[in-house]
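# What the coordinates show
Listed below, chain by chain, are the residues.
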Amino acid sequence: MELGILSLSDLQTDPATGRPHDPARRTREIVSYAIAADQAGLDVFGLGEHHSPDFSVANPAVPLAAIAQATTHIRLTSAVSVLSTLDPVRLHQDFASLDHLSQGRAEIIAGRSAFLEAFTLFGIDPAHYDDVFTEKLDLLLAIRADDPVTWSGRHRPALDDLPVPPRPQQDTLPLWLGVGGTPSSAERAARLGLPMVLGLIGGDIRRARPLTEHYRAAGRAAGHTPDALRLGVTSHFYVGKTSQAARKDLYPYYREYLRPKTPGGRGWLIDSDQFEAVAGPLGALMTGSPQEVIDKILTERELLGTDRFMGQIDFGGMPHGMVNDSVELLATEVAPAIRKETATNIATA
């Protein structure tokens, strides 16, 4: 089982100054988390794409390129690339270049995005949300499969036997589909034989089981092998030395991250009882002592059949040291136990 971390690069307001945190400093801190994860032996680092002043990273490929030069083995992925608003040609070129810099460690997680900022910025009509995504995914798959490329659609000029350089160092650039819980999105990933990343941001993890079962059943019906139908899960993440300390330390930052930032804005207000529920043994929030997190990841794997877990490590204005401590515990205490347990399961299966 692969274990990793991700950042969405959210910018919070500094309570001491009333001003948002500096995006330049925030981006450099994110790079340092990825380097620490690589040095500690984690498997994958993901970086989100957003197009509002509430986040510091718009194009994940740029910070990931910096990370590639300072790391040796950790896989580097977007989390996610907002494919509906991107040119698939340029997206593939960016990540093929990242693949060269990282010596074959680049991946793409493509998604549709829950936010409208990118659609406004790039002039994409949200009314065509699904059609645009479907067409651009088709083009991205064509670019991965063939060079030169011949393709035509309604939302982008056609390609007529054109090369799309550079080609990645890997034979094919790995592509996952990011899914927020919509059955049609899971079915799309299954039909295409693409691995799926499911974002769990609240509620009971058991509620995701019908979706993951549907994904695998639809994939089998489409003729794909289990190896093609890999499942990744992402969750908000914080591990502390003890269960009580982890909850006490995390709650104010989790509440800050989720609360609506403007009147009527997106987000929700969470009280301590709701926090305890979502942090419980079957809640989506991955937090607690190392043993508690180990048990929860293994429970999630048993329920959903996960092949990869990625924890969102740095949200709500969490201090740099707090994030580093959590990453260290993930790498030194949680990951070895997970790997031992899953290796044993594989050996005795």
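Refer to the preceding data block for the structure.
Predicted, not measured: the structure shown is a model, and the values here were computed from it.

### Details of the overall build of the chain
In terms of regular secondary structure, the chain is built from 11 helices and 12 strands. On C-alpha atoms alone, the chain measures out to a radius of gyration of 20 Å, which is about the 20 Å that the 2.2 N^0.38 rule sets for 349 residues. Over its C-alpha atoms, taken along the principal directions, the chain stretches across nearly 60 × 55 × 40 Å. For the chain, the proportion of its 349 residues judged to be buried stands at 51%.

### A closer look at the packing of helix H3 (residues 88-102) against helix H5 (residues 129-145)
Packing of H3 against H5 leaves a shortest axis separation of 9 Å and a crossing angle of 45 degrees. The pairing of H3 with H5 is recorded here as oblique in orientation. Taken as a pair, H3 and H5 cross one another with a handedness that is right-handed. Of the residues in H5, those touching H3 at Pro88, Val89, Leu91 and His92 are Lys136, Leu139, Leu140, Ile143 and Arg144. Its residues assigned to classes, the contact of H3 with H5 shows six nonpolar, one polar and two charged.

### Observations regarding the side chain of Ser102
Within the secondary structure, Ser102 is located in helix H3. You can call Ser102 buried: its relative accessible area is 2%. Setting aside anything within four residues of it in sequence, one finds Ser102 in contact with Ala68 and Leu76.

### Examining the packing of aromatic side chains
Taken as a whole and assessed by the stated rule, the structure comprises six aromatic pairs. Between Phe237 and Phe309, the ring centres sit 6.0 Å apart and the planes meet at 55 degrees, which makes this aromatic pair tilted. Pair noted here: Phe237 is in strand E10 (residues 231-239) and Phe309 is in strand E12 (residues 308-312), with a separation of 72 residues, a long-range link. Residue Phe237 is classed as buried on the basis of its relative accessible area, which comes to 0%. For Phe309, a relative accessible area of 0% corresponds to the buried category. The interplanar angle of 50 degrees and the centroid separation of 5.4 Å between the aromatic rings of Tyr257 and Phe315 together place this pair among those described as tilted. Here the residue Tyr257 occupies a position in helix H8 (residues 243-258), and Phe315 occupies one in the loop between E12 and helix H11 (320-348), the gap between them amounting to 58 residues. Phe315 carries the same exposure label as Tyr257, and that label is buried. Grouped by ring-pair contacts, the aromatic residues Tyr251, Tyr254, Tyr257, Phe275 and Phe315 constitute a single cluster.

### Remarks on the pairing of strand E1 (residues 2-7)
In terms of burial, E1 is largely enclosed, as five of its six residues are buried. Bridge count for E1 against E12 is five bridges, and the pairing is parallel. Bridge pairing in E12 places Gly4 opposite Met310. Where E1 lies against strand E2 (residues 44-47), four bridges are found, and the strand directions are parallel. Bridge assignment links Leu6 to a residue of E2, and that residue is Gly46.

### Overview of the packing of helix H2 (residues 61-69) against H3
Relative orientation of the contacting elements H2 and H3 amounts to 10 degrees, with a least axis distance of 9 Å. Of the possible angle classes, the one that applies to H2 and H3 is roughly parallel. Only Asp94, Phe95, Leu98, Leu101 and Ser102 of H3 make contact with H2, whose side of the interface consists of Ala61, Leu64, Ala65, Ala68 and Gln69. Split by residue class, the contact of H2 with H3 holds seven nonpolar, two polar and one charged.

Definitions and limits used
Residues numbered from 1 in each chain as written. Predicted model: local features only at pLDDT ≥ 70, side-chain atom pairs only at ≥ 80, totals over all residues. Heavy atoms only, no water. Helix = DSSP H or I, 4+ residues; strand = E, 2+ residues; numbered from the N terminus. Rg over C-alpha atoms; globule rule 2.2 N^0.38 Å. Buried < 20%, exposed > 50% of the residue type's maximum accessible area, 1.4 Å probe, protein only. Axes fitted to C-alpha atoms, helices over the stretch in contact; angles between N-to-C directions. Parallel < 35°, antiparallel > 145°, perpendicular 65-115°, else oblique. Left-handed = near helix turned anticlockwise from the far one by under 90°. Contact = heavy atoms within 4.5 Å. Nonpolar A, V, L, I, M, F, W, Y, C, P; charged D, E, K, R; others polar. Phe/Tyr/Trp six-rings, centres within 6.5 Å; stacked < 30°, edge-to-face > 60°. Pairing = 2+ DSSP bridges.

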